[in-house]
Amino acid sequence: MNELNIPFISALRTEWTLDDVDAQMDQLPTQSLDHLLWSNDGYEPQVYFSIAYSQKAIFLKFTVLENHVQMVYNNINDPVYKDTCVEFFISISNDINYYNLEFNGKGTCSIGYGSNKFDRKDLPADIIASIGTQSKLWSMNGDFAYCWDLTLVIPVNIFIHHKDLNLAGLTCRLNFYKCGDELPQPHFIAWNKVESEQPNFHLPDFFGKALFLPGVG
């Protein structure tokens, strides 16, 4: 099982811009998504992420290299998993329920909360709209046709079922994913391996572990 220590960044605790966050995340160690699931055609996009937090937000940056980019969904809680998509699932303090945060490549977001794939309730659109997003896309002439980044600032008040949440010292279970159900080459990639006969990211038993390292600020 993968384990992750999430650093506290005091420099981002008050005023910041998305450019500031983007630059700060580039200074942090990256993690890779290494588990290609439910696929046998050999196509595997490369996916990396870095993560940190402050008193008020989680900072998350994905970098993806792949051959197909689709970003057709524009509205909050649209089915962005059908697009070029990255996902962050988190169970706070090992709660039986978890939040699934899903983003297409331009930052359109869908968030649900519940205990499994079929027991989900969408978060309100006005809450989701408070997430800061910045995306960048480049064409490439190498093994992959495109590279894109998505930088996210996720306020702790997103976690509406955990009031007055203090992340410092908190343990949680989580996983990170990449998918694209309606791309020319559908794929499913995970940070912590998921064991299931059918495609299903909503299996908390296969989440990894994380600790929000205490910080001063």
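Residues numbered from 1 in each chain as written. Predicted model: local features only at pLDDT ≥ 70, side-chain atom pairs only at ≥ 80, totals over all residues. Heavy atoms only, no water.

## Examining the layout of surface pockets
Alright, step 1. Volume-wise, the largest pocket comes out at about 380 Å³.
Alright, step 2. Tyr81, Glu87, Glu102, Lys117 and His202 are the residues nearest the centre of the largest pocket, which is lined by 23 residues in total.
Alright, step 3. Of all elements in the fold, only β6 (85–92), β7 (98–104), β8 (109–116) and β9 (119–122) reach the threshold of two or more residues within the lining of the largest pocket.
Alright, step 4. No other element matches β8, which puts three residues into the lining of the largest pocket. (1 Å grid on protein atoms, 1.4 Å probe; cavity = no way out; pocket = protein on both sides within 12 Å on 5 of 7 lines; lining within 4 Å. Points joined across faces, edges and corners; volume = space filled by probe spheres on them. Helix = DSSP H or I, 4+ residues; strand = E, 2+ residues; numbered from the N terminus.)

## Section: the pairing of strand β11 (residues 146–155)
Alright, step 1. Counted residue by residue, β11 has nine buried out of 10 residues, so it is predominantly covered.
Alright, step 2. Judged from the 10 bridges that link them, strand β5 (residues 57–66) and β11 form a sheet pairing that is antiparallel. Considered in β11, the bridge of glutamate 66 is made with tyrosine 146.
Alright, step 3. Pairing between strand β10 (residues 132–139) and β11: eight bridges, direction antiparallel. In the sheet register, serine 139 faces β11, and the bridge partner there is tyrosine 146.
Alright, step 4. Hairpin connection from β10 to β11: six residues lie between these consecutive antiparallel strands. (Buried < 20%, exposed > 50% of the residue type's maximum accessible area, 1.4 Å probe, protein only. Pairing = 2+ DSSP bridges.)

## Describing the side chain of serine 110
Alright, step 1. Counting through the fold element by element, serine 110 comes out in strand β8.
Alright, step 2. Setting aside residues no more than four positions away along its own chain, serine 110 makes contact with Asn77, Asp78, Val80, Asn100, Leu101 and Glu102. (Contact = heavy atoms within 4.5 Å.)

## Structural notes on the sheet that holds β11
Alright, step 1. Read across the open sheet, the five strands follow the order β2-β4-β5-β11-β10; overall the sheet is antiparallel. The open sheet is flanked by β2 (31–32) and β10, the only strands paired with a single partner.
Alright, step 2. Sheet topology places strand β4 (residues 46–53) next to β5; eight bridges connect them, and they run antiparallel. Bridge pairing in β5 places glutamine 46 opposite leucine 65.

## With respect to unusual backbone geometry
Alright, step 1. Unusually for a residue other than glycine, tryptophan 38 sits at a positive phi of about 55 degrees.
Alright, step 2. Structurally, tryptophan 38 is set in the loop between β3 (35–37) and β4.
Alright, step 3. For tryptophan 38, a relative accessible area of 23% translates into the label partly exposed.
Alright, step 4. Phi is positive for aspartate 164, close to 50 degrees, though the residue is something other than glycine.
Alright, step 5. Take aspartate 164: it is sitting in the loop between β11 and β12 (171–179).

## Some points on the nonpolar core
Alright, step 1. Counting residues in each nonpolar core, the largest one holds 42 residues, and the members touching the most others are Ile90, Ile154 and Phe176.
Alright, step 2. Residues contacting isoleucine 90, with those up to four places away along its chain left out, are Tyr98, Tyr99, Leu101, Phe159, Cys172, Arg173, Leu174 and Phe212.
Alright, step 3. Within the second largest apolar cluster, 13 residues are counted, among which are Cys85, Phe89, Tyr98 and Phe201. (Core = buried A, V, L, I, M, F, W, Y, C linked by side-chain atoms within 4.5 Å.)

## Let's talk about the pairing of β4
Note on strand geometry: in a regular strand, side chains alternate between the two faces of the sheet.
Alright, step 1. Within β4, six of the eight residues are buried, which leaves it mostly tucked inside the rest of the structure.
Alright, step 2. As defined by bridge partners, β2 adjoins β4 across two bridges and the pair is classed as antiparallel. Within the sheet, the bridge partner assigned to serine 32 lies in β4 and is tyrosine 48.
Alright, step 3. Here β4 hands over to β5 after three residues, the two strands then running antiparallel side by side.

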